[in-house]
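Below, each chain spelled out in residue letters.
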Amino acid sequence: MDNSSQRKILRVSPACETPQLARDITAALAGNGPTLGFGEVSSEFGPTQAAVVIGTSGTTGTPKEIFLSSHALVSSARASNAFVGAKLGDTWSLLLPLTHVAAVNVFVRAFELGTIPVDLRNHSGEYPRVNFTAIVPTQLFRALNGDEHLLKHLQGAQKVLVGGAALSAGIRNQATAAGINIVTTYGMSETSGGCVYNGQVLDGSEVEVRGGSIFIRGNILALNLELSDGWFETKDLGEFIDDKLVVLGRSDDVIISGGENLSLDNVENVLNESFPNIQCAAISIEDSQWGQTLHIAVVGEVDKNSITSILEEKIGAFAKPKGIHFMNSLPLLGIGKIDRRKLAQGVVIE
């Protein structure tokens, strides 16, 4: 196979030190170095325009590789910095693993400000103060429930981006009450990370909702996408309310139980709003009688009857879970989304 028109991929170790990685990303963005592979990347070569390739299983568990150009990454970083009001010399901290586009974005945003990220991935003790940082909801939950050093770090930042998975209103309200300036982000690897902040579409991106489905267009899109007139169709559902995008969940997270359509995302949203001090996941288990049945995985203390009552009240009798399972932690897919498939495989039906 002729690889002369392609670019060699260098896989990045999750343990790579920040100074070396900063040099490698700089070279990749400038086109003077190989394409950098983050996450589970098996390809040896990629498009010449690709500065970065992200290996991701997405929300479906199906492995895929997303190729991002320097133009897309820099456009995303500039739009992000503009939204949060970052200026030259400001600092970002790195709290995310090097397996996701969100970690790459922290580097590119910092480069645009003339700095490099403050690496706090394996930090212990008190955290240094920075201007901005990016985390996932699990980290925010941990900060609000006992990790005092992380909490202080987030309180000291001007803005804290939270993405990778949906952030419940309850956790966000707790964070705001604790003095953390939260900015919720929506996006994916295919859009170079977040392209909608606090419901507002960032500069350089366009978002439309057609038939309930979210479509995205802009210079932040990946190279290897199937587009229709420049538009990328996501699997997400949403609507605009007062000119702000509200993400309602995934179109492929709806199950049919006893003939009723039931959104797993809606179940989780109801529980998160009603019980902000727990973590939970709604999962589907195959059932010979009902087709699919709803089960709930929970981290934290809550009464089972309370869960059942609130779901029946807010959604309907068909949302009564067939099982509620208490766990020490929830497995994650990528850096923020709950791995429902792994959870379903590990649930023991009583």
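Residues numbered from 1 in each chain as written. Predicted model: local features only at pLDDT ≥ 70, side-chain atom pairs only at ≥ 80, totals over all residues. Heavy atoms only, no water.

Turning to the overall build of the protein, a few remarks are in order. The number of helices and strands found in the protein is 9 helices and 23 strands. Relative to the compact-globule value of 20 Å for 350 residues, the protein shows a C-alpha radius of gyration of 21 Å, a close match. By residue count, 49% of the 350 residues in the protein fall in the buried class. On the protein, roughly 16300 Å² of surface is accessible, and the fraction owed to carbon and sulfur atoms is 48%. Of the charged side chains in the protein, 27 are positive and 37 negative; the average position of the first set lies 5 Å away from that of the second. (Helix = DSSP H or I, 4+ residues; strand = E, 2+ residues; numbered from the N terminus. Rg over C-alpha atoms; globule rule 2.2 N^0.38 Å. Buried < 20%, exposed > 50% of the residue type's maximum accessible area, 1.4 Å probe, protein only. Areas by Shrake-Rupley, 256 points an atom, 1.4 Å probe, with all protein chains shown as cover. Lys, Arg positive; Asp, Glu negative; His and termini not counted. Charge placed at Lys NZ, Arg CZ, Asp CG, Glu CD.)

Counted under the stated rule, the structure contains 3 aromatic pairs. A ring pair is formed by F83 and Y197, whose centres lie 5.3 Å apart and whose planes are at 85°; its orientation type is edge-to-face. Of this pair, F83 sits in helix α2 (residues 70-84) while Y197 sits in strand β11 (residues 193-197), and the two are 114 residues apart along the sequence. Assessed through its relative accessible area of 26%, F83 is described here as partly exposed. Judged by relative accessible area, Y197 falls into the buried class, the value being 1%. Between F107 and F111, the ring centres sit 6.2 Å apart and the planes meet at 65°, which makes this aromatic pair edge-to-face. Highlighted residues: F107 and F111, both in helix α3 (residues 101-112), separated by 4 residues, approximately one helical turn. F107 sits in the buried class, given a relative accessible area of 0%. Its guanidinium or amino end placed over the ring of F215, R210 lies 4.4 Å from that ring's centre, counting from NZ or CZ. (Phe/Tyr/Trp six-rings, centres within 6.5 Å; stacked < 30°, edge-to-face > 60°. Lys NZ or Arg CZ within 6 Å of the ring centre and 35° of its normal.)

Once that is clear, we can look at the sheet that holds strand β1 (residues 6-11). If you trace the 5 strands from one edge of the open sheet to the other, you get β3-β1-β2-β4-β5, paired in mixed fashion. With partners counted over all chains shown, the strands left at the sheet margins are β3 (45-47) and β5 (64-69), one partner each. This sheet shows a mean twist of 35° between the axes of neighbouring strands, independent of strand direction. Two elements, β1 and β3, share 3 bridges in a ladder whose sense is antiparallel. Along β3, the bridge assignment pairs K8 with F45. Along the sheet, α2 makes contact with β4 (50-56) and β5, crossing β5 at roughly 75°. (Pairing = 2+ DSSP bridges. Axes fitted to C-alpha atoms, helices over the stretch in contact; angles between N-to-C directions. Contact = heavy atoms within 4.5 Å.)

Burial of β4 is extensive: 7 of the 7 residues sit out of reach of the surface. Bridge count for strand β2 (residues 35-39) against β4 is 4 bridges, and the pairing is parallel. Within the sheet, the bridge partner assigned to L36 lies in β4 and is V52. Where β4 and β5 come together, 6 bridges link them in antiparallel fashion.

So, about the sheet that holds strand β16 (residues 244-250). An order of β13-β14-β15-β16 is seen for the 4 strands of this open sheet, with the pairing classed as antiparallel. Each edge of the sheet is formed by a strand with only one pairing partner; in this case those strands are β13 (205-210) and β16. Here the strands of the sheet are splayed against their neighbours by 50° on average, with no regard to which way each runs. Sheet analysis places strand β14 (residues 213-218) next to strand β15 (residues 232-241), joined by 3 bridges and oriented antiparallel. Paired with F215 across the two strands is E233, which belongs to β15.

Take a nonpolar patch on the surface next. A cluster of nonpolar side chains, I241, V246 and L248, forms an exposed patch at the surface whose accessible area comes to about 220 Å². Within the fold, V246 resides in strand β16. (Patch = residues over 30% accessible without salt bridge, like charges linked within 9 Å, V, L, I, M, F, W, Y side chains within 5 Å. Salt bridge = Lys/Arg side-chain N within 4 Å of Asp/Glu carboxyl O.)

Within β11, 5 of the 5 residues are buried, which leaves the element mostly enclosed by the surrounding structure. Where strand β10 (residues 182-188) meets β11, 4 bridges bridge the pair, whose relative direction is antiparallel. Of the residues in β11, the one forming a bridge with M188 is G193. Hairpin connection, β10 to β11: the antiparallel pair is bridged by 4 residues, and S192 has positive phi, about 60°. Connecting β11 to the antiparallel partner strand β12 (residues 200-201) that follows it, the hairpin turn spans 2 residues, and N198 within it adopts a positive phi of roughly 50°.

This brings us to helix α4 (residues 137-144). Within α4, 6 of the 8 residues are buried, leaving the element largely enclosed by the surrounding structure. Among the residues of α4, those classed as buried are P137, Q139, L140, F141, A143 and L144. Two residues or fewer past α4, G146 is found with a positive phi of approximately 125°.

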